[in-house]
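Residue-level structure breakdown
Okay, here's what each chain looks like letter by letter:
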Amino acid sequence: MELKMRLCVALLSLSLCLGLMGHVRAQEEADDMEMDVEDAIDDMQEEDVEEEEQQVPASPPVPTVTYKAPEPMGEHYFAESFDKGTLHGWVLSQAKKDGIDEEIAKYDGKWEVEEMKDTKLPGDKGLVLKSKAKHHAISALLLRPFTFDTKPLIVQYEVNFQTGIDCGGAYVKLLSQTPDLDLEEFVDKTPYTIMFGPDKCGEDYKLHFIFRHKNPKTGEFEEKHAKKPDADLRTYYTDKKTHLYTLVLNPDNSFEILIDQTVVNSGSLLNDMTPPINPPAEIEDPDDHKPEDWDERPKIQDPDAVKPEDWDEDAPTKIPDEDAVKPDGWLDDEPEYISDPDALKPEDWDEDMDGEWEAPQIPNPACETAPGCGLWQRPVIDNPNYKGKWKPPMIDNPNYQGVWKPRKIPNPDFFEDLHPFRMTPISAVGLELWSMSSDIFFDNFFVTSDRNVAERWAADGWGLKKAAEGAAEPGLVNQMITAAEEKPWLWIVYVLTVAVPLVLIIVFCCTGKVSVCHLKKSDLYKSEEEDSTGEAEEAAGNDNKDGNTSSEVEHLMLLETHRKCYILRLYKLPFCSNFFYFKKKK
């Protein structure tokens, strides 16, 4: 009983912390063990009156966020918020893509500067990819080229997939500084130094970070891809919210990729790119060949093994059950199916074209009450003597030489570049995209070498969007209902979350052999009288010096239990009622 009460109190503490935190004052009142029945009732009535007089505070108004175009504060190489409403400084590509049909080779996808469809910040504009299933290309020069030397590179911009994304990208290219760079001829093959941003097709959610590394020996460029993030990126593509994508490259070759200012991927250019920056020092000799007598078999059949004389390879896997007996009532002369006697030949049946007409087959009515019809055959069972084809057992190969590998030789193309951060300088920002989704919203492009400046720009731009979207979000209950509408099985989770604690509280608090909370008032006083009688008898004829008799122990347990019941009543929990209290025995 004591264990049950302890579990009851633990469960009640959990539920009270969630739903009744405003009644902490009642716990302090429950510590007074000398309160009698009348005082307890009076206090509870006064508490009820006070609760009724309390007015529910009005819900605070939804905060409004006023938009102000961000202004770059500090050293930067590029800053674009599109809030002037024009594409000033941006160049649309007039080129055609090589290697595809003429009809779709043009970069004729439409771009517009406009607000988001469901904007929460009136006045906030961005660059919107408007066309579906079209090639798009647009670019703009940096204020000055960025050279990879002793300063980090921070690139960030915002993306909102307003209508979702089926298949397409929203990544940015940092175009390499070259003498022949012409933004009007910007195509997929235009040299770039870094490609960064989200991309998705089907259920493959990517966040690219690719840079083109120059081989110091050959002068050729090779794409190096960052490892795939461990984080689940699905939400960023499906929630139709504006997300901030940030790439940080440091002179020590470390990199960080952030979404909404949270790191989702990080690593080193030397160790976490594929293929690796530096090739292996040794490679397998392409001219080395495995000898013809090289034995790679770890196990071989025992050449000394002999098939046992009693091994029957022709024995069947199944044999008739000789112990089976035909059931009584089996109808050997009745077929299992018969022609339907009620069937009629169709009037348009042409025997010359359709052949001789036959009535459809139906189950034989005579077999419905019989164990079976037709020729009875014994059922088959596994053959206990079946062994299958004999094979010699396997033994270790005494001539095993291991798996052959060609010998290693020095790699003639080996080089060691310990500073891959020193990439080709960049001079322009470009979007070269193809998408099956339209209305992709881009905003607040920023390139800098100062992380604090980038964070300030993010706070003035994306930070406002986040605050506005957060203010417009529905409450927790509405979010739960919306989630359950998309995933109906969540209703089960909600019900169990509420029902299980209530059931456990009821079981532990209000059931059992004896529930002191349900004792009548007369029973309590009766218990007091019995205790008094027991003490008198003890004083008259019992010399036992131990004051903790069983009657006193029960009485103390009764007092403790009623103290807990009083707490329940003060919290107005409906599952334990009819509580009565009495003064502590003097």
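Residues numbered from 1 in each chain as written. Predicted model: local features only at pLDDT ≥ 70, side-chain atom pairs only at ≥ 80, totals over all residues. Heavy atoms only, no water.

**Section: the overall build of the protein**
Rules: Secondary structure is summarised from DSSP: a helix means a run of H or I of at least four residues, a strand means a run of E of at least two, and numbering begins at the N terminus for each. Residues are treated as being in contact if the distance between any of their heavy atoms lies within 4.5 Å.
Scanning the protein from terminus to terminus reveals 12 helices and 25 strands. Within the protein, residue pairs in contact and separated by at least 24 positions form 77% of the contacts whose partners lie at least 6 positions apart.

**Details of the pairing of strand β14 (residues 262-268)**
Heads up, the rule is: At least two bridges found by DSSP between two strands is the condition for calling them paired.
The pairing of strand β13 (residues 254-259) with β14 spans six bridges and is antiparallel. Bridging across to β14, Leu 258 finds its partner in Val 263. Connecting β13 to the antiparallel partner β14 that follows it, the hairpin turn spans two residues, and Asp 260 within it adopts a positive phi of roughly 55°.

**Description of the state of the cysteines**
Filter applied, for reference: Disulfides are defined as cysteine sulfur pairs within 2.5 Å.
Within this structure, the stated rule accounts for two disulfides. Here Cys 367 engages in a disulfide with Cys 373; their sulfurs sit 1.8 Å apart. Of note, the bridge from Cys 367 to Cys 373 carries an S-S torsion of about -125° and is left-handed in sense.

**Things to note about the side chain of His 213**
Heads up, the rule is: Throughout this description, buried means an accessible area under 20% of the type-specific maximum (1.4 Å probe, protein chains only), exposed means over 50%, and partly exposed covers the range between.
By the element assignment, His 213 lies in strand β10 (residues 204-214). Assessed through its relative accessible area of 6%, His 213 is described here as buried. Every residue in contact with His 213, bar those within four places of it in the chain, is listed here: Glu 220, Phe 221, Glu 222, Lys 224, Ile 277, Phe 415, Asp 417 and Pro 420.

**Overview of unusual backbone geometry**
Pro 275 follows Thr 274 through a cis peptide bond whose omega is -10°. Structurally, Pro 275 can be placed in the loop between β15 (273-274) and β16 (282-284). The phi dihedral of Asp 260 falls on the positive side, at around 55°, and the residue is not glycine. Residue placement: Asp 260 occurs in the loop between β13 and β14. For Gln 261, which is not glycine, the phi dihedral falls at a positive 65°. On the secondary structure map, Gln 261 appears in the loop between β13 and β14.

**Thoughts on the pattern of salt bridges**
The following threshold applies: Whenever a carboxyl oxygen of Asp or Glu lies within 4 Å of a side-chain nitrogen of Lys or Arg, that contact is scored as a salt bridge.
Within this structure, the stated rule accounts for 24 salt bridges. One salt bridge connects Lys 130 with Asp 439, and the closest N-O pair in it is separated by 3.1 Å. Of this pair, Lys 130 sits in the loop between β4 (125-129) and β5 (134-146) while Asp 439 sits in the loop between β24 (426-435) and β25 (440-448); the two residues are 309 residues apart in sequence, bridging distant segments of the chain. Classification of Asp 439 as buried rests on a relative accessible area of 7%.

**Considering the side chain of Lys 465**
This is how it is decided: Throughout this description, a polar contact denotes any pair of N or O atoms lying within 3.5 Å of each other; where both atoms belong to protein, one of them has to be capable of donating a hydrogen while the other can accept it, and for residues adjacent in sequence the pair is counted only when both atoms sit in side chains.
Take Lys 465: it is sitting in helix α8 (residues 462-472). Reaching out from Lys 465, the side chain makes a polar contact with the side chain of Asp 124 at a distance of 2.7 Å. Contacts of Lys 465, omitting those with residues within four sequence positions, involve Met 116, Leu 121, Asp 124, Glu 158, Thr 242, Phe 441, Asp 443 and Asn 444.

**A few points about the pairing of β24**
Burial of β24 is extensive: nine of the 10 residues sit out of reach of the surface. Looking at chain direction, β5 and β24 are connected through nine bridges and run antiparallel. Bridge assignment links Ser 139 to a residue of β24, and that residue is Gly 430. In this sheet, β24 lies alongside strand β8 (residues 172-176) in antiparallel orientation, the contact comprising four bridges. The residue bridging Leu 174 from the neighbouring strand is Val 429, located in β24.

**What to know about the nonpolar core**
This is how it is decided: Nine residue types can take part in a nonpolar core, namely buried Ala, Val, Leu, Ile, Met, Phe, Trp, Tyr and Cys, and a core is a set of them joined through side-chain atoms within 4.5 Å.
One finds Leu 153, Ile 194, Phe 209, Leu 249, Phe 442 and Phe 445 to be the most contacted residues of the largest nonpolar core, which totals 63 residues. With residues near it in sequence (within four places) discarded, Ile 194 still touches Phe 148, Leu 153, Val 172, Lys 173, Leu 174, Phe 209, Ile 210, Phe 211, Leu 247, Leu 249 and Met 423. Ranked by size, the runner-up nonpolar core spans seven residues in total, among them Ile 154, Val 248, Ala 454 and Trp 457.

**Quick word on the packing of aromatic side chains**
Applicable threshold: Between the rings of Phe, Tyr and Trp (Trp by its six-membered ring), a pair exists once the centres lie within 6.5 Å; its type follows the angle of the planes, with under 30 degrees stacked, over 60 edge-to-face, and the other angles tilted. Note on criteria: charge over ring means Lys NZ or Arg CZ within 6 Å of the ring centre, with the direction from the centre no more than 35 degrees off the ring normal.
Across all of its chains, the model carries 18 aromatic pairs by this definition. With centroids separated by 6.1 Å and ring planes inclined at 75°, the aromatic side chains of Phe 82 and Phe 445 adopt a geometry described as edge-to-face. Separated by 363 residues along the polypeptide, Phe 82 in the loop between β1 (78-80) and β2 (90-92) and Phe 445 in strand β25 bring together distant segments of the chain. As far as burial versus exposure is concerned, Phe 82 and Phe 445 are alike and both buried. An aromatic cluster is built from Phe 78, Phe 82, Trp 90, Trp 111, Tyr 157, Phe 196, Tyr 245, Phe 442 and Phe 445, whose rings are joined through pairwise contacts. Of note, Arg 144 hangs over the ring of Tyr 77, and the distance from its end group to the ring centre comes to 4.3 Å. Geometry around Phe 221 places Arg 212 over its ring, the cationic atom sitting 4.6 Å from the centre.

**A short note on the confidence of the model for the protein**
Note the threshold: Along the chain, pLDDT gives the predictor's confidence residue by residue, from 0 to 100.
The share of residues in the protein with pLDDT of 70 or more is 73%, and the mean pLDDT across the chain is 81. Every residue in residues 524-528 scores below 50 in pLDDT, and together they form 13 contacts with partners more than four places removed in sequence or on other chains.

**Looking at the environment of Asp 199**
Relative to the helices and strands, Asp 199 resides in strand β9 (residues 192-201). One polar contact links the side chain of Asp 199 to the main-chain amide nitrogen of Gly 169, over a distance of 3.5 Å.

**Examining helix α7 (residues 451-460)**
Note: α-helices contain 3.6 residues per turn, so residues at a spacing of three or four share the same orientation. We count it as follows: Directions are taken from the helix axis to each C-beta atom, and the arc is the one they span.
Those residues of α7 that fall on the buried side of the exposure criterion are Val 453, Ala 454, Trp 457 and Ala 458. The arc enclosing the buried residues of α7, seen along the axis, measures out at 140°, which places them on a common side.

**Here we look at the environment of Asn 253**
Summarising the element assignment, Asn 253 is placed in the loop between β12 (243-249) and β13. Through-space distance from the C-alpha of Asn 253 to that of Leu 270 is 7.0 Å; in sequence the pair is 17 residues apart. Beyond its immediate chain neighbours, meaning those up to four positions away, Asn 253 contacts Gly 267, Ser 268, Leu 269, Leu 270, Leu 418, His 419, Pro 420 and Phe 421. There is a polar contact of 3.1 Å between the side chain of Asn 253 and the backbone nitrogen of Phe 421.

**So, a nonpolar patch on the surface**
Applicable threshold: Exposure above 30% relative accessible area and the absence of a salt bridge qualify a residue for a patch, where like charges join within 9 Å and nonpolar side chains (Val, Leu, Ile, Met, Phe, Trp, Tyr) within 5 Å. Note on areas: Shrake-Rupley, 1.4 Å probe, and residue coverage restricted to the protein chains presented here.
A surface patch of nonpolar side chains, amounting to about 550 Å² of accessible area, comprises Trp 489, Ile 492, Val 493, Leu 496, Val 500 and Leu 504. When you line up the elements, Leu 504 lands in helix α10 (residues 490-510).

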